[in-house]
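One-letter residues, chain by chain:
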Amino acid sequence: MEKSGFKKSYFLLILFLLLLVLGINLGEVEVVFEKGITICLSCIGIE
Amino acid sequence: MLDIRRWIQIVSTVLSNAWLLFPFTKTIYQGKLKSVCVPGLNCYSCPAAVGSCPLGAMQTFFANIRPSLGTGNFHLGLYVIGFLGLLGSLVGRMPCAWLCPFGFMQELIHKIPSPKIEIPQILTWLKYVMLVFLVILLPLFVVDLFGYGDNWFCKYVCPAGTLQAGIPMIILQPQLRGLLGTVFAFKLVILAALLVAMVFIRRPFCRTLCPLGAIYSFFNKASVFRMVHHPDNCVLCKQCYRHCPMGVRFYQGANQKDCIRCLQCLRKSCKFGAISYEVAGAVPVEKKQPVKES
Amino acid sequence: MKTGKKIIFWICALFLSVGFWGTADAGAQSNVVETISPAGVEKLIQSDSCPVIISIVTSRCRACRQEMPVYQEMYEQYRDQGLKIFLVSIDFGYPQHIQSLVDQMNLTYPVFWGGDEVMHAFDVSLVPYKMVVQNGEIVETVIGAWSEQEIRQKIAELLQICAQ
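Quick caveat: nothing in here was measured; it's all calculated off a predicted structure.

Asker: Explain the packing of helix H1 (residues 7–25) of chain A against helix H5 (residues 78–91) of chain B to me, and be specific about the residues and the numbers.
Answerer: At a closest axis distance of 7 Å, the pairing of H1 of chain A and H5 of chain B adopts a crossing angle of 155 degrees. Classified by the angle between their axes, H1 of chain A and H5 of chain B sit roughly antiparallel to one another. Read as a crossing pair, H1 of chain A and H5 of chain B show a hand that is left-handed. Judged by residue contacts, Ser9, Leu12, Leu13, Phe16, Leu17, Leu19, Leu20, Leu22, Gly23 and Ile24 of chain A of H1 of chain A engage Leu78, Tyr79, Ile81, Gly82, Phe83, Gly85, Leu86, Ser89 and Leu90 of chain B from H5 of chain B. Its residues placed into classes, the contact of H1 of chain A with H5 of chain B shows 14 nonpolar, 5 polar and no charged.

Shown next, in the form of structure tokens:
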């Protein structure tokens, strides 16, 4: 297996790491938290 | 002695659902850990869950994207996309085999003795339909007057949600019983059908319906951790296929979309050294020596 | 590299396409959502009106959004008979989401934003969550949505009880 096949992996790794950091900086952690601790009944099929 | 993978599955299942006070509080865990997603499919409306479901969180971001943008908040779901992409580019679909509680349950139920059947290959593409429509497009584009969408997959399909959140919440909060309607009945049917299917079919949900597995599967060919097939050593005995929890024909090539890197084939099946793995191109030490047959 | 570029392309395309799919225009901002503390909610409960309905909601819950305009109708019809309706949003972080809904629905009854403090103080984990109050006392807490018909029925019943 040629080593160059893994350039792609490192590229993806860095790309998604950047997205993750960007998301955290945009305040998305709190959105996940909010969704996680208040059950929206219509979201689990109970209405 | 229990297999190492089983231990990790058990630990992961317990850690994902570690809030055991719910029979007393009658409701879900509301601590800070809920702001972090777990790698597997584990409903965060489950009374015992301590982390969030990446798939549910993703749908929420997509469904609320317009109101968020409208109020100047750029919440696009990058946190979740980044998290899943990061895991995927490291190990591909490995979380399915080692960490996902719902996958673990399917393997356990499959142990019930019965005639086992195989599903047509074409059904394995259904999970991509689920991903594209129920997780991405419908939550993004089917919106009400105020710009809010729905969590389509959670609401209409997710059997993990029905099992972990719907049923327990109804038991804990009898008030909710009056609210059950056709949607919930439909979800119960899906869950029941899958539970029966699990006895006869290997991991039916993972292979045909799971959008989370579909996301991870994109990374199988491009992840840092990869499986390797050595065709020169392969004698096409198909033992790898027989023992594969996902019904993957490894002898047809490594890193197929349904390979969950459980390493069962490497550790249990292949006696000819035709299967190994590599991490960033480096072959790890425990690689089996091929058995030379003359 | 090809896979990466493809993924970036699709993610960008997705978000761009959403941008063109506009939202409804906000109406004039006449009813300003006020921030409320848990103590403030207690005060609402203790108001000596009868009946009072305090509805705790989040903006992203469909059932909650469906109840809001029905309350408006009820409020217009029965406020002279003593009916009070308070909406308390427990959206995290900021009141913009609920404000935007209030503007779009032209709600005129009092709407507050309590955030997670109110959520924790009143132990709300499922929305919609309602408290029915009579003369300063909570007589019923309701988890889950009411249909339009149920709201009408309930309020008619409550008005009758309060009239006695």
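Asker: I'd like a rundown of unusual backbone geometry, residues and numbers included.
Answerer: Across the chain, the bulk of peptide bonds are trans and the bulk of non-glycine residues have phi less than zero. Residue and element names in this part refer to chain C. In this structure, Pro51 follows Cys50 across a cis peptide bond, with omega equal to -5 degrees. Its place among the elements puts Pro51 in the loop between helix H2 (38–46) and strand S2 (52–57). With an omega of -5 degrees, the peptide bond running from Val127 to Pro128 counts as cis.

Asker: I'd like to hear about the interface of chain A and chain B, residue by residue, with values.
Answerer: In this assembly, 33 residues from chain A lie in contact with 44 residues from chain B. Counting residues per element, the ones that place at least two in the side of chain A that touches chain B are H1 and helix H2 (28–37) of chain A. For the side of chain A that touches chain B, the element with the highest residue contribution is H1 of chain A, accounting for 11 residues. When the residues that make up the side of chain A that touches chain B are grouped by side-chain class, the tally is 21 nonpolar, 6 polar and 6 charged.

Asker: Tell me about the interface of chain C and chain A, residues and numbers included.
Answerer: Taken together, the contact pairs 18 residues of chain C with 13 residues of chain A. Of all the elements in the fold, those that place two or more residues in the side of chain C that touches chain A are helix H1 (2–20), helix H3 (62–78) and strand S5 (126–127) of chain C. Split by residue class, the side of chain C that touches chain A holds 10 nonpolar, 6 polar and 2 charged. The pairing of strand S1 (residues 39–40) of chain A with S5 of chain C spans 2 bridges and is parallel. Counterpart to Ile39 of chain A in the pairing with S5 of chain C is Leu126 of chain C.

Asker: With reference to specific residues and values, describe H3 of chain C.
Answerer: One turn of an α-helix holds 3.6 residues; hence residues three or four places apart share an orientation. Residue and element names in this part refer to chain C. The first and last C-alpha atoms of H3 sit 25 Å apart over 17 residues, in line with the 24 Å expected at 1.5 Å per residue. Among all positions of H3, only Arg62, Ala63, Cys64, Arg65, Glu67, Met68, Tyr71 and Met74 are buried. If you follow the buried residues of H3, they end up packed against S2, strand S3 (84–89), helix H4 (96–105), S5 and helix H6 (148–163).

Asker: Run through the sheet that holds S3 of chain C, naming residues and quoting values.
Answerer: All names here are of chain C. Across the sheet, which stays open at both edges, the 6 strands sit in the order S1-S4-S3-S2-S6-S7 with mixed pairing between neighbours. Every interior strand has two partners, whereas the edge strands, strand S1 (34–35) and strand S7 (137–143), have only one. In this structure, S3 lies alongside strand S4 (residues 111–113), joined through 3 bridges in parallel fashion. The residue bridging Ser89 from the neighbouring strand is Trp113, located in S4.

Asker: Residues and numbers for the domain arrangement of chain B, please.
Answerer: All names here are of chain B. Under the domain assignment used here, chain B contains domain 1 (4–217) and domain 2 (225–279). Here the C-alpha centroids of domain 1 and domain 2 sit 28 Å apart. The interface of domain 1 with domain 2 comprises 16 residues on the first partner and 10 residues on the second. Secondary structure elements with two or more residues in the side of domain 1 that touches domain 2: H5, helix H6 (94–98) and helix H12 (204–208). The dominant element in the side of domain 1 that touches domain 2, judged by the number of residues it contributes, is H6, at 3 residues. In terms of residue class, the side of domain 1 that touches domain 2 is made up of 6 nonpolar, 3 polar and 7 charged.

Asker: Before we move on, could you go through helix H11 (residues 182–200) of chain B and cite the residues and values that matter?
Answerer: Residue and element names in this part refer to chain B. With 19 residues, H11 extends 28 Å from end C-alpha to end C-alpha; this agrees with the ideal 27 Å at 1.5 Å per step. Within H11, burial applies to Phe184, Lys187, Leu191, Leu194 and Met198. Projected onto a plane normal to the axis of H11, the buried residues spread over an arc of 85 degrees and lie on a single side. For H11, exposure combined with an orientation more than 90 degrees from the buried face picks out Thr182, Ala185, Val189, Ala192, Ala193 and Val196. Buried residues along H11 sit against helix H7 (101–110), helix H10 (159–172) and H12.

About the thresholds
- Residues numbered from 1 in each chain as written.
- Chains lettered and ligands numbered in written order.
- Predicted model: local features only at pLDDT ≥ 70, side-chain atom pairs only at ≥ 80, totals over all residues.
- Axes fitted to C-alpha atoms, helices over the stretch in contact; angles between N-to-C directions.
- Helix = DSSP H or I, 4+ residues; strand = E, 2+ residues; numbered from the N terminus.
- Parallel < 35°, antiparallel > 145°, perpendicular 65-115°, else oblique.
- Left-handed = near helix turned anticlockwise from the far one by under 90°.
- Contact = placed C-beta atoms within 7 Å.
- Nonpolar A, V, L, I, M, F, W, Y, C, P; charged D, E, K, R; others polar.
- Pairing = 2+ DSSP bridges.
- Expected span 1.5 Å × (residues − 1).
- Buried ≥ 20, exposed ≤ 12 C-beta atoms within 10 Å, placed from the backbone.
- Domains from an automatic or database assignment.
- Arc of directions from axis to C-beta.

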